[in-house]
Amino acid sequence: MTMTKDEALAAPNSSEARLAAAASAAAADAPSDFSAMMREKLLTRQAAMTVVAVLLFAYFSVTANNFFSWSNILDIIRGTSFIGIVAVAWTYLLIVGELDLSVGSLYGLGTIVMSWMIGSFGLDPWLAAAVTFAFAGTVGLFNGVITVYVGVSAFVVTLGMLSLLRGLSFVISGGYPVPYPSGIQSSLFPLGGGVLFGIPAQAIWLFAILLLGGLVLGRTKFGYWVYATGGNEFAAREMGIPTKRIKLMAFILVGLSCGLVAVLNGAWIKSANTTTGSGFEFQVIGAVLVGGAALTGGSGNIYGTFIGAFILGVVTNGLVMAGFAPASSFLATGAIIIAAGMIDVVLRYYGAKATIWRQAKGR
Amino acid sequence: MLEAHGIVKRFGGVTALRGIDMSLRSAEIVALVGDNGAGKSTFVRILSGVYEPDEGEILIDSARVRLDSPQRAQHHGISTVFQDLALVNERDVAHNMFLGREPCRFGFFIDRQQMIREARETLSELKVRLPSVHAKVAGLSGGQKQAIAVARAWHQGGRVTLMDEPTAALGVREAARVLDLVVTLRDEGHAVLLISHNLENVFNLADRIVVLRHGSKVADLRTSDTTKHEVVSLLTSGTA
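Residues numbered from 1 in each chain as written. Chains lettered and ligands numbered in written order. Predicted model: local features only at pLDDT ≥ 70, side-chain atom pairs only at ≥ 80, totals over all residues.

### Overview of the overall build of chain B
Helix and strand counts for chain B come out as 8 helices and 12 strands. Relative to the globule expectation of 18 Å for 240 residues, the C-alpha radius of gyration of chain B, 18 Å, shows essentially globular dimensions. With the C-alpha coordinates aligned to their principal axes, the bounding extent of chain B is approximately 55 × 35 × 35 Å. Every one of the 240 residues in chain B was classed for burial, and the buried ones make up 51%. Contacts spanning at least 24 positions in sequence make up 65% of the contacts within chain B whose residues lie at least 6 apart. (Helix = DSSP H or I, 4+ residues; strand = E, 2+ residues; numbered from the N terminus. Rg over C-alpha atoms; globule rule 2.2 N^0.38 Å. Buried ≥ 20, exposed ≤ 12 C-beta atoms within 10 Å, placed from the backbone. Contact = placed C-beta atoms within 7 Å.)

### With respect to the packing of helix 7 (residues 125–150) of chain A against helix 8 (residues 154–173) of chain A
Residue and element names in this part refer to chain A. Helix 8 packs onto helix 7 with a crossing angle of 150° between their chain directions and a minimal axis gap of 9 Å. One way to sum up the angle between helix 7 and helix 8 is to call them roughly antiparallel. For the element pair helix 7 and helix 8, the recorded crossing hand is right-handed. Two secondary-structure elements touch here, helix 7 through N143, I146 and T147 and helix 8 through A154, V157, T158 and M161. (Axes fitted to C-alpha atoms, helices over the stretch in contact; angles between N-to-C directions. Parallel < 35°, antiparallel > 145°, perpendicular 65-115°, else oblique. Left-handed = near helix turned anticlockwise from the far one by under 90°.)

### Re the nonpolar core
By size, the foremost hydrophobic cluster in this structure holds 168 residues, and its most contacted members are V86, W90, L93, A250 and V284 of chain A together with L32 and L194 of chain B. Apart from residues lying up to four places away in sequence, L194 of chain B is in contact with I29, V30, A31, L32, M163, V182, L205 and A206 of chain B. (Core = buried A, V, L, I, M, F, W, Y, C linked by C-beta atoms within 7 Å.)

### Focus: the environment of G171 of chain B
Relative to the assigned elements, G171 of chain B resides in the loop between strand 9 (160–164) and helix 6 (172–187). With 127 residues separating them along the chain, G171 of chain B and V44 of chain B place their C-alpha atoms 24 Å apart.

### Side note on the packing of helix 6 (residues 103–119) of chain A against helix 8 of chain A
A pair of packed helices is captured by two measures, namely the crossing angle of their axes and the spacing between those axes. Residue and element names in this part refer to chain A. Axis separation between helix 6 and helix 8 bottoms out at 8 Å; the angle between their running directions is 25°. Here helix 6 is positioned roughly parallel relative to helix 8, judged by the angle of their axes. Both helix 6 and helix 8 take part in a crossing whose hand is left-handed. For the pair helix 6 and helix 8, the contacting residues are S105, L106, G108, L109, I112 and W116 in the first and M161, L162, L165, R166, L168, S169, I172 and S173 in the second. When its residues are assigned to classes, the contact of helix 6 with helix 8 shows 9 nonpolar, 4 polar and 1 charged. (Nonpolar A, V, L, I, M, F, W, Y, C, P; charged D, E, K, R; others polar.)

### A short note on helix 14 (residues 280–290) of chain A
Counted residue by residue, helix 14 of chain A has 10 buried out of 11 residues, so it is predominantly covered. Of the residues trailing helix 14 of chain A, G292 of chain A is marked for its positive phi of about 100°.

### Side note on the confidence of the model for chain A
In this model, chain A carries a mean pLDDT of 84, and residues with pLDDT of at least 70 account for 85%. Low pLDDT (under 50) marks residues 1–31 of chain A, which in the prediction has 38 contacts with non-local residues, meaning those over four places away or in another chain. (pLDDT = per-residue confidence, 0-100.)

### Quick look at helix 1 (residues 40–47) of chain B
All names here are of chain B. The element helix 1 is extensively covered by neighbouring structure, given that 8 of its 8 residues are classed as buried. Residues of helix 1 that are buried include every one of K40, S41, T42, F43, V44, R45, I46 and L47, and no others. Where helix 1 terminates, the next one or two residues include G49, which has phi positive at roughly 85°.

### Topic: the pairing of strand 9 of chain B
Residues and elements named next belong to chain B. For strand 9, a buried count of 5 out of 5 residues is recorded, marking the element as mostly surrounded by other parts of the structure. By the alternation rule, side chains of strand 9 split into V160, L162 and D164 and T161 and M163, which are all buried. Pairing between strand 6 (residues 78–81) and strand 9: 4 bridges, direction parallel. Along strand 9, the bridge assignment pairs S79 with T161. Summarising the sheet, strand 9 and strand 10 (residues 191–195) pair through 5 bridges and their orientation is parallel. (Pairing = 2+ DSSP bridges.)

### Topic: unusual backbone geometry
With phi around 65°, N66 of chain A is a residue other than glycine that occupies positive phi space. Assignment of secondary structure puts N66 of chain A in the loop between helix 4 (45–63) and helix 5 (70–95). Exposure remark for N66 of chain A: the 8 C-beta atoms within 10 Å place this residue in the exposed category. Located in the positive-phi region is L85 of chain B, a residue other than glycine, with phi close to 70°.

Following this line, the structure appears as structure tokens:
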């Protein structure tokens, strides 16, 4: 019994003939491959939300003065960048079937830690940034371990963290803003507040993270395992995918993304405030959900999250440009999240219809 | 070729397997039968590396092996068609065919071309009809899903194939196709462990029948030496 599969297949035998006799038609052919691919692509939330994004952008460009200008578009991107960066990591986490409500508090605490390290401990800003980054990653690790290995639900763990981390911010800062020492210089600061070829650093970071996040999720083994873990955890484990480790890594990624935006924020405004990042989690989750990732896990992608963040950014900015009170963006954001959920239901209805039709045709 | 000695598995206070001994030889189909809860699926999960036994040892070609992960089991040439099929509905056929062992360039970039090519080749070798390897598994019929799980085990190319209720969800024609495949595997020299509730199939296909009852092996019979009546009696009362 040393026959390899190839040898076995090369040697014609009766069993193969029997199998061939059982055959009734050829296997997959190219044209139906293409049409199946197009159907899966077009009937997605991401495609629908792209249309919505274009329509919203066109609407505000026509109706709101000064909306359609290079400087305003850069403003929109800058305003969306931190949300977008954390939303990329959050997309991974949602796809593996978990969530993290503590991102706003961790972002806020990160900025405080950074200021504290520089102001009270006299650390070099680069070193302070490293400490902040490591701290945020550790909080992500903690959230992950308690959720994945101890078995407390992520909702409970991270809701607790949301409050606990905000509390820590107040304890460290005493409730006052923590400014950086006046006149401090560092080669770190342009990374957060600089401009390269007329494009603000935050925007560059956003697009770099989007690109990297999309590449890793869509094209690497880790990304495939993220989808498999969230899509069917038990099946993934049966096929040998280390699902717990994948989940843990998604938690750590979210922590690290919060650390990154905390560092970028500090490098930009050179101060920290206890209220930084309050309500941030709502915007991050909104962007991911509008982008089409399902709360049940297993689906979603980085392009969708980008579109989701873009839509929320356009609406927030557009309403102000059109003369509405800034607070109206809360209303609009909430309405968009619900509307996006409803688009999903409609798409699923037509998707299911297409499947039934295909099967009725005997395909 | 594959031997298991004294396999014991406990879940908390429940003992699922109480010392199972059995062997699988190449070019042989062994049917594992037993009532619900007899421990069949647990035994398969141990051989496929999903669970580790609390006691006992597993030998492959007379060498003791530790099957502590599904990858390790695959490495030793054991492929499995799980009862739940172990498919991810939201992913396409190509990915499901390679779940957990995706071909990569540089160790981490998915080699999508190779995945699609090999998935197509394997499916057409086995005459499995699917709309497309790009189609999500969610939209496929029960038979098509079953075929993917079988094709995946085939593609793994192991010498031992474990099949946990491979025809449970299938219509008559689809089931016949899968059973043909089981015979093909045997004729090519694979050892096949087949779990089935369908005694008709068991008697048609199996060379040997192993009966489990309450986590213990109560019989290990050559198919030609026994009758359905005897097996039913073993299943229900533990004695012939």
